[in-house]
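The residues making up each chain are set out below.
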Amino acid sequence: MRLILLGAPGAGKGTQAEMLTKLYDIPCISTGNIFREHISNNTDLGKQAKAYMDQGQLVPDSLVIELVKSRITQDDCKNGMIFDGFPRTIPQAEALDAMLADLNIPIDYVVNVEVPDELIVDRMAGRTVCPSCGASYHKISKKEDIAGICNACSTNLVQREDDKEETVKKRLEIYHAQTEPLIAHYKAQGKVLDVHGVGTVEEVRAAVKKALGVN
Ligand code: AMP
């Protein structure tokens, strides 16, 4: 199974990706998480990406595409993968289509998680993330067991620089201008499953599964 999760920043893609990676036993490729890992390891790529990320801007296509190109040929992707936060622009989608066509493994579905902008801004304010393993939490919908500590690896949770309100607004503008056109791109391929992304994590999870035809 090869899936793309589309939706605005904060639409809940990461949370649904965690569920889907277990369901299908395939890895999740989150370009945002990969960049954050590079930043914490202080790599050259991390330094380049951070400047864009902290301002809510997109990292240039060329850097993102190279990263994904080397990731999808790794062994754990042989049964499929879930893309979370990639592609985000038409050139990225076209590059992904070409990469997967070369490997003869086209995308099966694009799950489009729809959430209104007003709700996104509220949601991001309550979101924290583990700087070590990338797990994300939310003060209302997905609380950690011990306040401020990651369930998975016991690291102190932080608020992402790019989850601050002004940055979120800029990210939403960029989403509408550059990422939303991907819905039409994949609709033309007949691959889009629209999912109502408002509700509890469990409700959205059920809606995603229903759209994919699984129980
Ligand atoms: P995310 O965790 O997916 O919300 O990504 C956080 C930030 O990483 C984004 O706001 C961008 O700055 C950068 N980023 C992640 N994925 C991409 C991508 N596919 N294209 C460009 N920038 C990206």
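Up top is the structure these notes are about.
Everything numeric in this text was worked out from a predicted model, so none of it was measured.

**Q** Help me understand the pairing of strand S4 (residues 109-114), please; the structure alone is not making it clear to me.
**A** Pairing analysis gives five bridges linking strand S1 (residues 2-7) to S4, with the strands arranged parallel. Bridge pairing in S4 links Ile4 to Val110. As judged from the five bridges shared by S4 and strand S7 (residues 192-196), these two strands associate in the parallel manner. For Asn112, the partnering residue across the bridge sits in S7 and is Asp194.

**Q** Would you explain the side chain of Arg71 in this entry?
**A** Assignment of secondary structure puts Arg71 in helix H4 (residues 61-72). Of the polar contacts made by the side chain of Arg71, one reaches the side chain of Asp76; its length is 2.7 Å.

**Q** Explain the nonpolar core to me, please; I cannot follow it from the model alone.
**A** Soluble globular proteins: nonpolar side chains tend toward being buried together. The biggest cluster of nonpolar side chains holds 52 residues, and the ones touching the most others in it are Phe83, Leu96 and Val111. Sequence-distant contacts of Val111, defined by excluding residues within four places in its chain, comprise Leu3, Ile4, Leu5, Leu6, Leu193, Val195, Val208 and Leu212. Grouped together as the second largest cluster of nonpolar side chains are five residues, Cys130, Ala135, Cys150 and Leu157 included.

**Q** So what exactly am I meant to see when it comes to the site of the ligand here?
**A** Around the ligand, 15 residues are found, and the nearest of them are Thr31, Arg36, Gln57, Gln92 and Arg171. In the model, a nitrogen atom of the ligand is placed 3.0 Å from a nitrogen or oxygen of the Val59 main chain. Separating an oxygen atom of the ligand from a side-chain N or O atom of Arg171 is a distance of 2.7 Å. Taking 480 Å² as the accessible area of the ligand by itself, protein coverage stands at 96%.

**Q** Would you mind showing me how to read the sheet that holds S4 here?
**A** The pairing of strands in a sheet happens through backbone hydrogen bonds and is either parallel or antiparallel. One open sheet accounts for five strands, arranged S2-S3-S1-S4-S7; its pairing is parallel. Every other strand in the sheet has two partners, leaving strand S2 (28-30) and S7 as the edge strands with one partner each. For this sheet the average axis-to-axis angle between neighbouring strands, irrespective of direction, equals 20°. Its contacts with the sheet place helix H1 (residues 13-24) against S1, S2 and strand S3 (81-84), and it is angled at close to 165° to S1.

**Q** What should I look at first to understand helix H6 (residues 117-125) in this one?
**A** Helical periodicity: at 3.6 residues per turn, an α-helix aligns residues three or four positions apart in one direction. Restricting attention to buried positions, one finds in H6 the residues Ile120, Val121 and Met124. Along the axis of H6, the buried residues cluster in a sector spanning 100°; they form a single face. Away from the buried face of H6 by more than 90 degrees, exposed residues Glu118, Asp122 and Ala125 are located. Residues of H6 that are buried sit in contact with strand S5 (127-129) and helix H7 (165-179).

**Q** Before we go on, may I ask you to explain the packing of helix H2 (residues 31-40) against H4 in this structure?
**A** Two quantities define a packed helix pair, namely the angle between the helix axes and the distance between the axes. It is the contact of H2 with H4, at a shortest axis distance of 11 Å, that shows an interaxial angle of 100°. Taken together, the axes of H2 and H4 lie roughly perpendicular to each other. On H4, the residues that touch Thr31, Ile34, Phe35 and His38 of H2 are Val64, Leu67 and Val68. Among the residues forming the contact of H2 with H4, the class breakdown is five nonpolar, two polar and no charged.

Reading guide: rules and limits
Residues numbered from 1 in each chain as written. Predicted model: local features only at pLDDT ≥ 70, side-chain atom pairs only at ≥ 80, totals over all residues. Heavy atoms only, no water. Pairing = 2+ DSSP bridges. Helix = DSSP H or I, 4+ residues; strand = E, 2+ residues; numbered from the N terminus. Polar contact = N/O pair within 3.5 Å; in protein donor to acceptor, adjacent residues only side chain to side chain. Core = buried A, V, L, I, M, F, W, Y, C linked by side-chain atoms within 4.5 Å. Buried < 20%, exposed > 50% of the residue type's maximum accessible area, 1.4 Å probe, protein only. Contact = heavy atoms within 4.5 Å. Near = heavy atom within 4 Å. Areas by Shrake-Rupley, 256 points an atom, 1.4 Å probe, with all protein chains shown as cover. Axes fitted to C-alpha atoms, helices over the stretch in contact; angles between N-to-C directions. Arc of directions from axis to C-beta. Parallel < 35°, antiparallel > 145°, perpendicular 65-115°, else oblique. Nonpolar A, V, L, I, M, F, W, Y, C, P; charged D, E, K, R; others polar.

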